[in-house]
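Here's the letter readout for the chains.
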Amino acid sequence: VKQIELFKNARVVVAQGGAALTNILLMPRGSHVVEITGEGNTLCFYKMCKVFNIEHTMIEGTTRFLSNIFFKSGAFKIPLEKTISIIEEIVRESS
């Protein structure tokens, strides 16, 4: 129930692409989703946002250079400074 309320009242959501993002269906029209994803995204949440009039920005990470044994399967690396800049701009625009 708390998760439903969070999405219903959110103007901006930043999340890794996955099943939990299905809750964007509850977001107000005109809100914004920043989807953080690995390579080869299916554009599923982009398409959902388009249908429900929700802005969508995708930040695509890369799995290259992740040979470290500490990274689990499915791990990816995102450009941190670019990601922060994008999120700051979206928050400014939504205020």
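Going by the structure above, here's the rest.
Residues numbered from 1 in each chain as written. Predicted model: local features only at pLDDT ≥ 70, side-chain atom pairs only at ≥ 80, totals over all residues. Heavy atoms only, no water.

### Side note on the nonpolar core
If you look at the biggest cluster of nonpolar residues, it comprises 11 residues: Phe7, Ala10, Val13, Leu21, Ile24, Met27, Val33, Phe45, Met48, Cys49 and Ile54. Looking at which element gives the most residues to this core, the answer is helix H2 (residues 44-51), with three residues. For Met27, the residues in contact, after removing those within four places along its chain, are Phe7, Ala10, Val13, His32, Val33 and Ile54. In terms of nonpolar packing, the next biggest core, distinct from the first, is built from six residues, Ile59, Phe76, Ile86 and Ile90 among them. (Core = buried A, V, L, I, M, F, W, Y, C linked by side-chain atoms within 4.5 Å. Buried < 20%, exposed > 50% of the residue type's maximum accessible area, 1.4 Å probe, protein only. Helix = DSSP H or I, 4+ residues; strand = E, 2+ residues; numbered from the N terminus. Contact = heavy atoms within 4.5 Å.)

### Considerations on the pairing of strand E2 (residues 32-37)
With six of six residues buried, E2 lies mostly within the body of the structure. Every second residue of E2 is oriented toward a common face, with His32, Val34 and Ile36 on one face and Val33, Glu35 and Thr37 on the other, all of them buried. In this structure, strand E1 (residues 12-16) lies alongside E2, joined through five bridges in parallel fashion. Paired with Ala15 across the bridge in E2 is Glu35. In this sheet, strand E3 (residues 55-60) lies alongside E2 in parallel orientation, the contact comprising six bridges. Of the residues in E3, the one forming a bridge with Val34 is Thr57. Remark: the E2/H2/E3 crossover connection has right-handed handedness. (Pairing = 2+ DSSP bridges. Right-handed = clockwise from strand over helix to strand, strands pointing away.)

### A short note on the pattern of salt bridges
Inspection of the entire model under this criterion finds one salt bridge. Note that Lys8 and Glu5 form a salt bridge whose closest N and O atoms lie 3.9 Å from each other. Of this pair, Lys8 and Glu5 are both found in helix H1 (residues 2-9), three residues apart, which corresponds to roughly one turn of the helix. Judged by its relative accessible area of 43%, Lys8 falls in the partly exposed class. (Salt bridge = Lys/Arg side-chain N within 4 Å of Asp/Glu carboxyl O.)

### A closer look at the environment of Glu55
Tracing the backbone shows Glu55 in strand E3. Given the relative accessible area of 46%, Glu55 is considered partly exposed. A C-alpha to C-alpha distance of 9.2 Å links Glu55 and Val12, two positions 43 residues apart in sequence. For Glu55, the residues in contact, after removing those within four places along its chain, are Ser31, His32, Val33 and Cys49.

### Observations concerning the side chain of Glu35
Note on placement: Glu35 falls in strand E2. Lys47 provides the closest opposite charge to the buried, salt-bridge-free Glu35, at an N-O distance of 11 Å. (Lys, Arg positive; Asp, Glu negative; His and termini not counted.)

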